[in-house]
Amino acid sequence: MVSSTQIKTIQDIMRKDVGVDGDAQRIGQLTWMIFLKIFEDREREFELLDEKYKSPIPEPFRWRNWAADPEGMTGDELLDFVNNHLFAKLKELRVDKNPMAYVIRSAFEDAYNYMKSGQLLRQVINKLNEDLDFNRTKDRHLFNDIYEQILKDLQSAGNAGEYYTPRAVTQFMVDMVDPKLGEKLLDPACGTGGFLTCSIEHVRKKYVKTVADRELLQQSINGVEKKQLPHLLCVTNLLLHGIDVPSNVRHENTLSRPLTDYGPKDRVDVIVTNPPFGGMEEDGIESNFPATYRTRETADLFLVLIMRLLKDGGRAAIVLPDGTLFGEGVKTRIKEKLLEECNLHTIVRLPNGVFNPYTGIKTNLLFFEKGKKTKQIWYYEHPYPADQKSYNKTRPIRIEEFAAEKKWWKKRKENEFAWKVSIKDIRESGYNLDQKNPYSADEGPGDPDALLKSYQKLQKQIDQTREQLKQELRAALGGDS
């Protein structure tokens with residue numbers, strides 16, 4: 001049965017190979033091999049269910065025919081086969097209306113074999129064959145955990161860490177948006193597929209009851225990822241989560257199409273996403289957007305795109321940095337559009353460190369519905385756990401911490417973490433969405449009305465404490481006042 005120790009053993013074999021340089025390349029190398037091994041196991045399952053099943057991969061290139069035999073090809077012969085035949089065939093695979101062939105070709109478009117030693121490559125392949133069988137239920141369940149570890153390893157692999165959103169944040173966003181069976185769901189910057197797989201689990205657990213329901217779910221999940229490594233990780237991740245043909249996850253840049261090209265057939269019911277932030281798009285991408293909203297800031301462009309892609313009544317949850325909330329110029333025009341076209345009903349403000357170790361940027365979770373204007377915005381300031389002052393690798397944010405938000409969500413009242421701001425106040429502030437917590441002791445003088453609310457709350461607490469002390473004093477004196 002596969003374990004994190006065995007994955008580490010495989011990575012240690014790769015470290016001996018002069019061609020593999022660094023964690024990102026090791027993960028890339030491991031991922032294309034795991035993909036082919038998992039697809040082989042899925043094909044064996046398909047063959048049992050359908051005796052007429054035909055593989056989209058030509059016979060000589062199926063895992064069983066070149067990799068499965070531990071005494072099979074090795075050394076220079078194996079290297080020549082992988083580099084000059086296997087990759088060449090998969091990159092040019094004929095689609096012929098076969099959606100899985102399209103998935104495989106897309107996954108290998110920019111994939112590489114970094115290993116230079118055919119002997120070490122054979123050792124890695126043999127370890128995968130020994131330790132991983134996707135058709136064993138125990139392996140399938142445990143491998144999901146191993147896969148999470150591979151994704152976490154990306155955090156130490158340079159900017160590859162941008163592909164990983166903490167599971168707790170992903171799950172909270174999906175839970176609150178609550179995608180239903182039959183709703184078309186999209187992550188337009190899907191990375192390794194965290195939001196997609198979390199949505200699959202959510203819908204499957206709450207709404208899937210029949211085989212027909214399962215088929216409907218298969219057709220409802222959509223994603224786009226422009227970089228090869230996360231795209232291949234995403235496709236593999238969806239196979240692991242029971243999506244038989246993940247052909248709705250495309251390897252391209254969602255922002256590279258002119259905004260006006262997206263029409264009714266592209267519109268979706270639900271979007272959950274964490275678009276890259278802090279980065280700039282390549283030259284010319286901004287020209288795909290109307291002049292009023294042109295910027296090279298990736299997160300802002302995605303916000304405009306999401307508004308375009310949602311159906312009326314569609315729901316979205318998106319991770320955005322503080323800079324989008326308080327930014328001016330183009331950012332102000334984008335926020336004005338958002339509040340006019342959508343009901344931005346909730347902003348959950350996350351504390352520092354949620355995305356440690358690869359960025360300390362403060363982030364926010366925006367929840368909105370298309371087709372209704374915003375009248376007021378509720379804010380919820382997510383606190384650290386009582387015994388923590390920050391998050392880190394060993395103590396990340398946990399889903400249990402969102403219990404207070406979930407309880408508050410349907411019966412909203414202002415408290416020390418929650419407050420609301422009217423659209424009138426937002427407009428008067430120049431569409432600044434960086435609205436401070438009026439109940440926080442850290443915010444300085446602030447707005448007089450907020451100060452009055454804070455003072456009244458404090459006064460109430462003082463009165464309650466005074467009354468409690470009186471009662472205790474009476475009890476101590478035997479009931480005499």
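From a predicted model like this one, the values you see are computed outputs, not experimental measurements.

Q: Before we go on, may I ask you to explain the sheet that holds strand E2 (residues 221-225) in this structure?
A: What links the strands of a sheet is backbone hydrogen bonding, and the strands pair in either a parallel or an antiparallel sense. One open sheet holds the nine strands; their spatial order is E3-E2-E1-E4-E5-E7-E6-E8-E9, and the pairing between them is mixed. What marks the edges here is a single partner per strand, and that holds for strand E3 (249-251) and strand E9 (418-422). Ignoring strand direction, the axes of neighbouring strands in this sheet form an average angle of 15 degrees. One ladder, built from two bridges, connects strand E1 (residues 185-187) with strand E4 (residues 268-273); its direction is parallel. Opposite Leu186, over in E4, you have Ile271 as the bridge partner. The sheet contacts of helix H10 (residues 211-220) involve E1 and E2, and relative to E2 the element is tilted by about 25 degrees. Seen against the sheet, helix H11 (residues 228-240) touches E2 and E3 and runs at an angle of roughly 160 degrees to E3.

Q: How should I be thinking about the packing of aromatic side chains in this particular structure?
A: For any pair of aromatic rings, the description rests on two quantities: the centre-to-centre distance and the angle between the ring planes. Inspection of the entire model under this criterion finds 20 aromatic pairs. On the basis of an interplanar angle of 85 degrees and a centroid distance of 4.9 Å, the ring pair of Trp32 and Phe87 is categorised as edge-to-face. Here Phe87 lies in helix H4 (residues 75-91) and Trp32 lies in helix H2 (residues 22-49), a separation of 55 residues in the sequence. The pair formed by Trp32 and Phe87 is uniform in burial state, with each residue classed as buried. Taking the centre distance of 6.0 Å and the plane angle of 85 degrees together, the rings of Phe172 and Phe367 count as edge-to-face. On the criterion of sequence distance, the pair formed by Phe172 in helix H8 (residues 167-177) and Phe367 in strand E7 (residues 363-370) is long-range, its members being 195 residues apart.

Q: Where do I start with the environment of Asp283 in this structure?
A: Here Asp283 lies in the loop between E4 and helix H12 (298-309). Residue Asp283 is classed as exposed on the basis of its relative accessible area of 64%.

Q: Sorry, what's going on with helix H9 (residues 194-206) here?
A: Along an α-helix, residues three or four apart share an orientation, since each turn contains 3.6 residues. Here H9 spans 18 Å end to end across 13 residues, near enough to the 18 Å set by a 1.5 Å rise per residue. Among the residues of H9, those classed as buried are Phe195, Leu196, Thr197, Cys198, Ser199, Ile200, His202 and Val203.

Q: Would you mind going over H10 with me for this structure?
A: All of the buried residues along H10 are Asp213, Leu217, Gln218 and Ser220. The buried residues of H10 occupy an angular sector of 165 degrees when projected down its axis, which confines them to one face. Exposed and facing more than 90 degrees away from the buried side of H10 are Val211, Ala212 and Gln219. On its buried side, H10 packs onto E1, H9 and E2.

Q: I keep staring at the pattern of salt bridges and nothing clicks. Help me out?
A: When the charged atoms of two side chains with opposite charge come close together, those side chains can pair. Applying the stated rule across the entire model yields 35 salt bridges. Of the charged contacts in the structure, one is a salt bridge between Arg349 and Asp434, with a shortest N-O distance of 2.7 Å. Remark: Asp434 occurs in the loop between helix H16 (423-428) and helix H17 (448-476) and Arg349 occurs in strand E6 (residues 342-349); sequence separation between them is 85 residues. Residues participating in the shared-partner salt-bridge network are Glu40, Glu43, Arg44, Glu47, Glu59, Arg62 and Arg64.

Q: For this particular structure, what's the right way to read the pairing of E6?
A: Within a regular strand, side chains alternate between the sheet's two faces. Burial within E6 is extensive, with seven of its eight residues counted as buried. Here seven bridges tie E6 to E7, and the two strands are oriented antiparallel to one another. The residue bridging Asn343 from the neighbouring strand is Glu369, located in E7. Pairing geometry for E6 and strand E8 (residues 376-381), over four bridges, is parallel. Looking at E8, one finds that Arg349 is bridged to Glu381.

Conventions used here
Residues numbered from 1 in each chain as written. Predicted model: local features only at pLDDT ≥ 70, side-chain atom pairs only at ≥ 80, totals over all residues. Heavy atoms only, no water. Pairing = 2+ DSSP bridges. Helix = DSSP H or I, 4+ residues; strand = E, 2+ residues; numbered from the N terminus. Axes fitted to C-alpha atoms, helices over the stretch in contact; angles between N-to-C directions. Contact = heavy atoms within 4.5 Å. Phe/Tyr/Trp six-rings, centres within 6.5 Å; stacked < 30°, edge-to-face > 60°. Buried < 20%, exposed > 50% of the residue type's maximum accessible area, 1.4 Å probe, protein only. Expected span 1.5 Å × (residues − 1). Arc of directions from axis to C-beta. Salt bridge = Lys/Arg side-chain N within 4 Å of Asp/Glu carboxyl O.

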